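The primary structure of each chain is shown beneath.
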Amino acid sequence: MSGIETSPMLAQLRNLQSQVHQVNPGPKAVAGLSEQMGLQGLTGQAPAIQKADFSQLFSRAINNVNDIQKHSNMTATRYEQGDPSIDIGRVMLESQKSSLAFETTLQVRNRLVSAYQDIMNMPV
């Protein structure tokens, strides 16, 4: 089994963390979010980026999950077709990445729906 490359995933996490800093610059809120996501050790920041509205940020996240799922399916298909450069470990790793990305997106959606319902149920 070939070595597992975590650098791209860490870069994506750092990018998302920097986007969170741009959208909600409150240090306590960011620290709490980082703690919930298990990102306490990630302190590097990406270069300053323009503020993106929430819909663009969420749309990019969904497109990223879609790309991960497509890559996972392509890897599995290549393995099934007998591609010698693809081993079962890589197929399983890609499958787990895909599953984790989808589950994370689903949990974020559930939290957003819950927050929306809480706001709508607030007395005026």
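Here is what the cut-offs are and how they apply
- Residues numbered from 1 in each chain as written.
- Predicted model: local features only at pLDDT ≥ 70, side-chain atom pairs only at ≥ 80, totals over all residues.
- Heavy atoms only, no water.
- Axes fitted to C-alpha atoms, helices over the stretch in contact; angles between N-to-C directions.
- Helix = DSSP H or I, 4+ residues; strand = E, 2+ residues; numbered from the N terminus.
- Parallel < 35°, antiparallel > 145°, perpendicular 65-115°, else oblique.
- Left-handed = near helix turned anticlockwise from the far one by under 90°.
- Contact = heavy atoms within 4.5 Å.
- Nonpolar A, V, L, I, M, F, W, Y, C, P; charged D, E, K, R; others polar.
- pLDDT = per-residue confidence, 0-100.
- Expected span 1.5 Å × (residues − 1).
- Buried < 20%, exposed > 50% of the residue type's maximum accessible area, 1.4 Å probe, protein only.
- Phe/Tyr/Trp six-rings, centres within 6.5 Å; stacked < 30°, edge-to-face > 60°.

Chemist: Go over the packing of helix α3 (residues 54-80) against helix α4 (residues 88-120) with me, naming the residues and quoting the values.
Modeler: Relative placement of two packed helices is described by the angle separating their axes and the distance separating the axes. Interaxial distance between α3 and α4 falls to 9 Å at its minimum, and their mutual angle equals 155°. Taken as axis vectors, α3 and α4 run roughly antiparallel relative to one another. Considering only the axes of α3 and α4, their crossing is left-handed. Listed contacts from α4 to F54, F58, I62, V65, I68, Q69, H71, S72, T75, A76 and Y79 of α3 are I88, R90, V91, E94, S95, K97, S98, A101, F102, T105, V108 and L112. Here the residues of the contact of α3 with α4 are counted per class, giving 13 nonpolar, seven polar and three charged.

Chemist: Which residues make up the confidence of the model for the chain, and what values go with them?
Modeler: Confidence along the chain averages 77 in pLDDT terms, with 61% of residues attaining 70 or more. The least confident element of the chain is helix α2 (residues 27-37), whose mean pLDDT is 48; the most confident is α4, at 94. Between residues 36-44, whose pLDDT stays under 50, and residues either more than four places distant or in other chains, the model counts eleven contacts.

Chemist: Hey, could you go over α4 for me, with residue numbers and the actual values?
Modeler: In this model α4 runs 48 Å from its N-terminal to its C-terminal C-alpha over 33 residues, within 8% of the 48 Å that 1.5 Å per residue would give. Turning to α4, its buried residues are G89, V91, E94, S98 and A101.

Chemist: An account of the packing of aromatic side chains is needed here, citing residue identities and associated values.
Modeler: Evaluated as defined, the whole model comprises one aromatic pair. Ring centres 5.8 Å apart and planes at 15° place the aromatic pair F54 and F58 in the stacked group. Placement of the pair is F54 and F58 together in helix α3, with a separation of four residues, close to one helical turn. F54 gets classed as partly exposed once you look at its relative accessible area, which sits at 49%.

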